[in-house]
Amino acid sequence: MSSENPDFLQACRLRTRLFFATLPLQVPRFNQATESSAMNFGEAVVSGLRNYFKFSGRASRSEFWFFVLFCILVPIVGSVGDLFFFSTLAREGLGPIYAISNLALFVPGLAISARRLHDIDRTGWWFLITLTIIGNIWLLVWWCGKGQAGRNRFGPDPLATK
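A brief structural summary. On a predicted model such as this, the values are computed, not experimentally measured, just so you know.

What follows deals with the overall build of the protein. A count of helical and extended segments in the protein gives seven helices and zero strands. Element order for the protein, N to C, with α for helix and β for strand: α-α-α-α-α-α-α. Out of the 162 residues belonging to the protein, those deemed buried represent 28%. Intrachain contacts of the protein at a sequence separation of at least 6 include 67% that bridge at least 24 residues. Counting only carbon and sulfur atoms, one obtains 69% of the accessible surface of the protein, whose full area is about 11200 Å².

What follows is the structure in structure tokens.
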């Protein structure tokens with residue numbers, strides 16, 4: 001067998017050393033200012049719920065996407081709760097916990113969507129293009145894009161003010 005050959009083992013060790021010698025010693029990092037200013041999951045949820053009816057101002061990408069994740073996870077947990085506590089209603093698609101959680105997160109979802117549009121210097125009324133199929137794709141592109149650096153007509157940069 002070739003793995004028992006000492007020359008083969010020495011050649012494998014040499015290749016391994018050469019491979020790791022070519023790797024960079026430091027991993028490139030993201031921009032420190034952006035990395036330290038981005039919100040974590042908990043901060044985004046608290047901010048989204050604290051600004052329940054606030055349609056003015058700006059929301060960073062991290063705040064928006066963590067809150068979207070929260071808005072996806074809460075109804076999932078609610079539907080699991082419906083299966084445990086209201087199994088007959090949940091089987092018919094009428095789970096009260098699921099419905100209440102969706103209703104409770106509807107307005108803050110609209111508000112944070114408008115604030116995210118403000119971050120890319122678009123008015124919140126652009127959210128109405130979700131009524132078209134192509135509008136959903138266009139909004140997704142806008143929401144994934146980087147916000148306008150510095151102050152714009154909707155307020156200060158959310159990453160700079162943190």
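Don't stop here, the text continues.
Here is a general trend for soluble globular proteins: nonpolar side chains tend to be buried in one another's company. Ranked by size, the top nonpolar core spans 13 residues in total, and within it Phe67, Phe70, Ile112, Leu117, Leu139, Trp142 and Trp143 carry the most contacts. Going through the elements one at a time, α4 (61-85), α6 (96-119) and α7 (133-144) are the ones with two or more residues in this core.

A grouping of Phe41, Leu69, Ile72, Leu73, Ile76, Val80, Phe84, Phe85, Phe86, Leu89, Leu94 and Ile97 is seen on the molecular surface, where their side chains present a nonpolar patch of about 1100 Å² in accessible area. No other element matches the seven residues that α4 contributes to the nonpolar patch.

Considering all chains together, one arrives at nine aromatic pairs under this definition. Their ring planes at 90° and their centres at 6.0 Å tell us that Phe41 and Phe66 sit as a pair that is edge-to-face. Of this pair, Phe41 sits in helix α3 (residues 41-50) while Phe66 sits in helix α4, placing them 25 residues apart in sequence. Aromatic side chains Trp126 and Trp142 sit 5.1 Å apart centroid to centroid with 90° between the ring planes, which places their arrangement in the edge-to-face category. In this pair, Trp126 sits in the loop between α6 and α7 while Trp142 sits in helix α7, placing the two residues 16 residues apart along the sequence. Trp142 sits in the buried class, given a relative accessible area of 10%. The rings of Phe41, Phe66, Phe67 and Phe70 are connected pair by pair, giving a single aromatic cluster.

What follows is about the environment of Phe154. You can see Phe154 is positioned in the segment after α7. C-alpha of Phe154 to C-alpha of Ile120: the two residues are 34 residues apart in sequence and 9.6 Å apart in space. Phe154 has contacts with Gly57, Arg58, His118, Asp121, Arg122 and Thr123, leaving out every residue within four places of it along the chain.

Calculation criteria
Residues numbered from 1 in each chain as written. Predicted model: local features only at pLDDT ≥ 70, side-chain atom pairs only at ≥ 80, totals over all residues. Heavy atoms only, no water. Helix = DSSP H or I, 4+ residues; strand = E, 2+ residues; numbered from the N terminus. Buried < 20%, exposed > 50% of the residue type's maximum accessible area, 1.4 Å probe, protein only. Contact = heavy atoms within 4.5 Å. Areas by Shrake-Rupley, 256 points an atom, 1.4 Å probe, with all protein chains shown as cover. Core = buried A, V, L, I, M, F, W, Y, C linked by side-chain atoms within 4.5 Å. Patch = residues over 30% accessible without salt bridge, like charges linked within 9 Å, V, L, I, M, F, W, Y side chains within 5 Å. Salt bridge = Lys/Arg side-chain N within 4 Å of Asp/Glu carboxyl O. Phe/Tyr/Trp six-rings, centres within 6.5 Å; stacked < 30°, edge-to-face > 60°.

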